[in-house]
Amino acid sequence: MNLSRLEGPIADEVIEYPIVSSEVVYRGRVWDVRHEVVEYPGARIARDFVAHTGAVGVLPMNERGEILLINQFRHPSRRQDWEIVAGLLDVAGESPLAAAQRELAEEADLVAGTWNTLVDIIAAPGGSDEAIRIFLARDIASAPVVHDRVDEEAHLIGRWVSLDEAVDAVLERRIQNGPMCTAVLAADAAERRGWRGLGDPNEPWNGHPLWR
């Protein structure tokens, strides 16, 4: 490994090498598995990865500084997870912010008057192109319509907790959901900085190929 001597702030760089071939080798109900061969400097490399629609997450915060967590069963991990509000970018033409606002209403029966981009993540860069934008939602109020929920979402449980309590749960490894842990730690860091660094909710999203 060569240690970089590059100066300036560290930042990911979007690089798109020529794709020699690309095919869907498995088509799933929600997302697919794609096989691609890429012309990488000095070699052609082949990779299989989950082709994902992308997603948004929402960390709602009330006037007392508490955040809303939701509890939901997840079959792949065999866990009853504490999570943030989240959903797929699977509605044609819907912006990430609009998707987040829709998910907040559908999963938590809430609306928010103030929105900021909190953090962007690539969930599993070695095996998926899934990008997730997580928003901080404040000035919370009840949604005008209560949504019907089915399957796992029919049993959703919500709980308002202090940000400190949530941070403790992350650092003590009592909660392990990736977007949840990221959102909690990012919000804690942002609050300690006086919310300096929060992003515009409509800012460019370089991590997602459809929203660069």
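Below or above, wherever it landed, is the structure these notes cover. Quick caveat, the model's predicted, so the values are computed rather than measured.

### With respect to the overall build of the chain
Looking only at helices and strands, one finds three helices and 10 strands in the chain. Scanning the chain from its N terminus toward the C terminus, one meets helices and strands in the order β-β-β-β-β-β-β-α-β-β-β-α-α. Along the first, second and third principal axes, the C-alpha set of the chain runs to 55 × 45 × 35 Å. The buried share of the chain, reckoned over its 212 residues, is 38%. Counting contacts in the chain only where the partners sit at least 6 residues apart, residues at least 24 apart contribute 58% of the total. Separation between the mean location of the 21 positive side-chain charges and that of the 35 negative ones in the chain comes to 4 Å.

### Some words on the nonpolar core
Judged by nonpolar contacts, the single largest core of 27 residues is most densely connected at Leu59, Ile67, Leu118, Ile134 and Val184. Among the elements that make up this core, the one with the highest residue count is helix H3 (residues 178-192) (seven residues). Apart from the residues lying within four places of it in its own chain, the contact partners of Leu118 are Leu59, Ile134, Phe135, Leu136, Ala183, Ala186, Ala187, Ala190 and Leu198.

### Things to note about the sheet that holds strand E3 (residues 43-51)
Strand order in this open sheet of three strands is E1-E2-E3, and the pairing throughout is antiparallel. One side of each edge strand has no neighbouring strand; the edge strands of this open sheet are strand E1 (19-27) and E3. Going across the sheet, the axis of each strand differs from the next one's by a mean of 20°, ignoring polarity. Pairing analysis gives seven bridges linking E1 to strand E2 (residues 32-40), with the strands arranged antiparallel. Opposite Ser21, over in E2, you have Val37 as the bridge partner.

### Brief notes about the pattern of salt bridges
What the rule picks out here adds up to 15 salt bridges. Asp32 is paired through a salt bridge with Arg27; the nearest N and O atoms lie 3.2 Å apart. Among the residues examined, Asp32 registers a relative accessible area of 16% and is labelled buried. Of the charged contacts in the structure, one is a salt bridge between Arg192 and Asp188, with a shortest N-O distance of 3.0 Å. Taken together, the residues Arg192 and Asp188, both in helix H3 and four residues apart, mark about one turn of the helix. According to the relative accessible area criterion, Arg192 is exposed, its value standing at 65%. Among the ionic contacts, a cluster of salt bridges with common partners joins Asp90, Glu94, Arg102, Glu103 and Glu106.

### So, the pairing of E3
Relative to E3, E2 runs antiparallel, the two being bridged by nine bridges. Note that in E3 the partner of Tyr40 across the bridge is Ala43. Between E2 and E3, which follow one another and run antiparallel, lie two residues, and Gly42 among them has a positive phi close to 90°.

### Brief notes about the packing of helix H2 (residues 163-171) against H3
Where H2 contacts H3, the two axes come as close as 9 Å, and the packing angle between them is 130°. With respect to H3, the axis of H2 lies oblique. As for how H2 packs across H3, the hand of that crossing is left-handed. Together, Leu163, Asp164, Ala166, Val167, Val170 and Leu171 of H2 and Cys181, Val184, Leu185, Ala187, Asp188, Glu191 and Arg192 of H3 make up the contact between the two elements. A breakdown of the residues in the contact of H2 with H3 according to their chemical character gives nine nonpolar, no polar and four charged.

Rules behind the numbers
Residues numbered from 1 in each chain as written. Predicted model: local features only at pLDDT ≥ 70, side-chain atom pairs only at ≥ 80, totals over all residues. Heavy atoms only, no water. Helix = DSSP H or I, 4+ residues; strand = E, 2+ residues; numbered from the N terminus. Buried < 20%, exposed > 50% of the residue type's maximum accessible area, 1.4 Å probe, protein only. Contact = heavy atoms within 4.5 Å. Lys, Arg positive; Asp, Glu negative; His and termini not counted. Charge placed at Lys NZ, Arg CZ, Asp CG, Glu CD. Core = buried A, V, L, I, M, F, W, Y, C linked by side-chain atoms within 4.5 Å. Pairing = 2+ DSSP bridges. Axes fitted to C-alpha atoms, helices over the stretch in contact; angles between N-to-C directions. Salt bridge = Lys/Arg side-chain N within 4 Å of Asp/Glu carboxyl O. Parallel < 35°, antiparallel > 145°, perpendicular 65-115°, else oblique. Left-handed = near helix turned anticlockwise from the far one by under 90°. Nonpolar A, V, L, I, M, F, W, Y, C, P; charged D, E, K, R; others polar.

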